[in-house]
Amino acid sequence: MKEFENNAYFWQKVDALYSSGDFKLIHKKGSAHKDYPSLSYPCDYGYVQTLDSEGEIPMEVFKSNNGKKVDAIALCADILTKRFEVKALVGLNDEEIEGVLHFLNCTDFQKSVLIKRGKQLPSWAETE
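Residue positions are counted from 1 within each chain, in the order its sequence is given. It should be noted that, the model being predicted, local features are given only for residues of pLDDT at least 70 and side-chain atom pairs only at 80 or more, the latter also being counted only at that level, while totals for whole chains, interfaces and linings use all residues. Hydrogens and water are ignored here; the side-chain numbers use all heavy atoms of the structure.

(A) Molecular detail of unusual backbone geometry. We note that K82 has phi near 60°; this positive angle belongs to a residue other than glycine. Take K82: it is sitting in the loop between β4 (70-78) and β5 (83-90). The helix count covers DSSP runs of H or I at least four residues long, the strand count covers runs of E at least two residues long, and both are numbered beginning at the N terminus.

The structure is reproduced here in structure tokens:
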């Protein structure tokens, strides 16, 4: 099996989730992190409020002004909160993506990997 199998249908669903709500800004690009004041946000950070059967679930988002679709997701393992977190990256250039990866990996308590959008349609992704 390949190290990572991309699936265009997955990205369609991610885009649908992202576009299902309005982006709410929490931190402007360049603002300091509340727990790590020497660390600043590499781009705007916020969330898109989505609803499920039990209430509201926010999708965390790193965003640039020129994006309409999710270009990548960061999967974060956080030992302080004892959970995985998923963050959408929307409209970021390579430098901003690098900044987000540095931001998400700069402490010993959280480490992240990046999954970039692909266009592949693997045979196992087909539905009947």
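(B) Region of the structure containing the environment of K87. As for its placement among the helices and strands, K87 is situated in strand β5. For the pair formed by K87 and G46, sequence separation is 41 residues and the distance between their alpha carbons is 9.7 Å. Any pair of residues with heavy atoms lying within 4.5 Å of one another is described as a contacting pair. Setting aside its immediate chain neighbours within four residues, K87 contacts Y45, E60, F62, A72, I73, A74, C76 and L104. Only 3.0 Å separates the side chain of K87 from the side chain of E85, close enough to count as a polar contact. Under the rule applied, a polar contact is a pair of N or O atoms within 3.5 Å (in protein, one hydrogen donor and one hydrogen acceptor; residues adjacent in sequence only if both atoms are side-chain atoms).

(C) Highlighting a nonpolar patch on the surface. A cluster of nonpolar side chains, contributed by Y36, I79, L80 and F109, occupies part of the molecular surface with about 390 Å² of accessible area. When you line up the elements, Y36 lands in the loop between β1 (23-27) and β2 (44-52). Given a relative accessible area of 30%, Y36 falls into the partly exposed group. Put simply, a patch holds well-exposed residues, over 30% relative accessible area, that have no salt bridge, with like charges counted together within 9 Å and Val, Leu, Ile, Met, Phe, Trp or Tyr side chains within 5 Å. Each accessible area value is a Shrake-Rupley result obtained with a 1.4 Å probe; residue values ignore everything except the protein chains displayed when judging cover. Whenever Lys or Arg places a side-chain nitrogen within 4 Å of a carboxyl oxygen from Asp or Glu, that contact is recorded as a salt bridge. Any residue under 20% of the maximum accessible area for its type is buried, any over 50% is exposed, and the rest in between are partly exposed; the area is computed with a 1.4 Å probe on protein chains only.

(D) Examining the packing of aromatic side chains more closely. Only the six-membered ring of Trp is used, alongside the rings of Phe and Tyr, when aromatic pairs are assigned; centres must lie within 6.5 Å, and planes under 30 degrees apart are stacked while those over 60 apart are edge-to-face, with the rest tilted. Enumeration according to the criterion identifies five aromatic pairs in this entry. Summarising the aromatic geometry, the rings of F10 and W11 are spaced 5.1 Å apart at their centres and angled 80° between planes, so their arrangement reads as edge-to-face. Owing to a relative accessible area of 39%, F10 belongs among the partly exposed residues under this scheme. What makes W11 buried here is its relative accessible area of 0%. For the ring pair F62 and F103, a centre distance of 5.9 Å and an interplane angle of 75° mean the geometry is edge-to-face. Taken as a pair, F62 in strand β3 (residues 55-63) and F103 in helix α2 (residues 94-105) lie far apart in primary sequence, 41 residues in all.

(E) Structural context of the layout of surface pockets. Definitions used throughout: a 1 Å grid over protein atoms alone; a cavity as a set of points that fits a 1.4 Å probe which cannot get out; a pocket as an open set with protein on both sides within 12 Å along at least five of seven lines; a lining residue as one with an atom within 4 Å of a point. Grid points are joined across faces, edges and corners, and a volume is the space filled by probe spheres set on the points. One number sums up the size of the largest pocket: a volume of about 510 Å³. What lines the largest pocket is a set of 23 residues, among which H33, D35, D78, E85 and Q110 lie closest to the centre. Within the residue set of the lining of the largest pocket, elements represented by two or more residues are β1, β3, β5 and α2. For the second largest pocket, the calculated volume is near 260 Å³. Every residue lining the second largest pocket is listed: F10, V14, L17, T50, I57, P58, M59, E60, I73, V86, K87 and A88. Mapped by element, the contributors of at least two residues to the lining of the second largest pocket are α1 (8-19), β3 and β5.

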